[in-house]
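Listed below are the residues making up each chain.
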Amino acid sequence: MYKSVIAGIGHYVPENIVTNDDLSKLMTTNDEWIIERTGIKERHHRKNRNDSEETTAYLGFRAAENALRNAKLSAKDLDFIIFATLSPDYFFPGCGVLLQEMLGCETIGALDVRNQCSGFVYAMSVANAYIKSGEYKNILVVGAEVHSFGLDFSDAGRGVSVIFGDGAGALILKASDDANINGILATNLHSEGKYAEELCTKFPGSKFGWSDRTLLEPDAVSAEEIYPIMNGNFVFKHAVTRFPETIMEVLDKAGKRVEDLDMFIPHQANLRISQFVQKKLNLPEENIFNNIQKYGNTTAASIPLALSEAIEQGKIKRGDLVCLSAFGSGFTWGSILFEY
Ligand code: UT7
């Protein structure tokens, strides 16, 4: 059976940096509150919120280019694309096909994953299954988000809009039959749909109406339906329970212990959540990587963005044991354990 190995990784964020002070000019908030509650100092937002060029697929494309360069592969070498996002360019089709066109790949398959903060973990797990089965050899896995176009920057939305940022990360998962390389050792994926409305964007969707309401009664669609809503405390409590569970589950599955981990990369939801999990697992400071301070929560992009930076900074070396874990909207959660 083939093993899945990371052949290359890259990331990309829009140039424009938005600080906490910048946000305090738009809504009643302040640097102190945001840092204390979330750890976030700044995030990247595309320059113009209504820009139709720097889209989610485009950010994914730039990250994919960097990942291909890092893997010393060309787009023609890819045989499948998996694209995780909650902020696609269109309601449909998904971003995967747009990326296939931007990269100029052959007519390879392109799959979109809709699992929000856990999107990248789900996408990587699907890619791993395809590789192990022998179906594909070089899969491009992308997580990308443009949040800035769809956030409520008024006081009503401040509990959500200060958290999210734009960005993208991508990696190429390659099939290997080298006996000395283990690659992905174990994965797990979970969901609990009864909490769907604790963190969601309701509109547009078949449950909350579509053209009748927007075309005939434009005012009938409320801000609550258009913008993301989050029961922050409730999400927080579930996150700090599910993170340790999924990490222990994936370690057990592979016959490993917390002490064996060289690096843990949590989905960058909130620095307080990461620190809570670190403490609970008794993980030394140098064995966890966080970059939410610079990027905010970039949902499906947060894990590849952090993994890419950790590798770039030499904090992860070939052969290291790495765990990626995520929790978020759905609720969904899961982990990937691999030797880099
Ligand atoms: O990635 C997907 C998964 N998402 C998460 O994991 C997020 C989990 N939740 C969280 O990270 C936290 O719940 C938040 C950061 C969202 C909020 O932090 P909190 O400590 O739970 O604050 P809170 O919602 O309980 O609000 C505390 C106070 C409230 O004022 P009162 O009612 O005490 O007067 C809020 O109105 O802070 C107020 N507040 C703000 N103040 C300044 C809410 N947002 C802001 C803001 N600036 N941006």
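Naming follows an unreviewed UniProt entry, where the chain appears as Beta-ketoacyl-[acyl-carrier-protein] synthase III of Halpernia humi. In its Pathway (unreviewed entry) section, the UniProt record describing the chain reads: "Lipid metabolism; fatty acid biosynthesis." UniProt, in the comment section headed Sequence similarities (unreviewed entry), describes the chain in these words: "Belongs to the thiolase-like superfamily. FabH family."

Q: Explain the sheet that holds strand S12 (residues 321–328) to me, using residue names and the numbers behind them.
A: Reading across from one edge, S8-S13-S12-S11 is the order of the four strands in this open sheet, with mixed pairing throughout. Lying at the two open borders of the sheet, with one neighbouring strand each, are strand S8 (184–191) and strand S11 (263–266). Strand after strand, the sheet turns through a mean of 10° between neighbouring axes, direction not considered. Pairing analysis gives four bridges linking S11 to S12, with the strands arranged parallel. Pairing of Phe 264 across the sheet is with Cys 323, part of S12. Across the face of the sheet, helix H5 (residues 119–133) comes into contact with S8, S12 and strand S13 (332–339) while running at roughly 130° to S8.

Q: Which residues make up the packing of aromatic side chains, and what values go with them?
A: Considering all chains together, one arrives at 10 aromatic pairs under this definition. Seen from their ring centres, Tyr 195 and Phe 331 are 5.1 Å apart, and the 35° between their planes marks the pair as tilted. On the criterion of sequence distance, the pair formed by Tyr 195 in the loop between S8 and strand S9 (199–200) and Phe 331 in the loop between S12 and S13 is long-range, its members being 136 residues apart. With respect to class, Tyr 195 is no different from Phe 331; both count as buried. Plain terms: the ring middles of Phe 234 and Phe 331 are 6.0 Å apart, the flat faces sit at 35° to each other, and that makes the pair tilted. Residue Phe 234 is located in helix H9 (residues 232–253), and its partner Phe 331 is located in the loop between S12 and S13; the two are separated by 97 residues in the primary sequence.

Reading guide: rules and limits
Residues numbered from 1 in each chain as written. Predicted model: local features only at pLDDT ≥ 70, side-chain atom pairs only at ≥ 80, totals over all residues. Heavy atoms only, no water. UniProt positions renumbered as here; feature names shortened; annotations may be inferred. Pairing = 2+ DSSP bridges. Helix = DSSP H or I, 4+ residues; strand = E, 2+ residues; numbered from the N terminus. Axes fitted to C-alpha atoms, helices over the stretch in contact; angles between N-to-C directions. Contact = heavy atoms within 4.5 Å. Phe/Tyr/Trp six-rings, centres within 6.5 Å; stacked < 30°, edge-to-face > 60°. Buried < 20%, exposed > 50% of the residue type's maximum accessible area, 1.4 Å probe, protein only.

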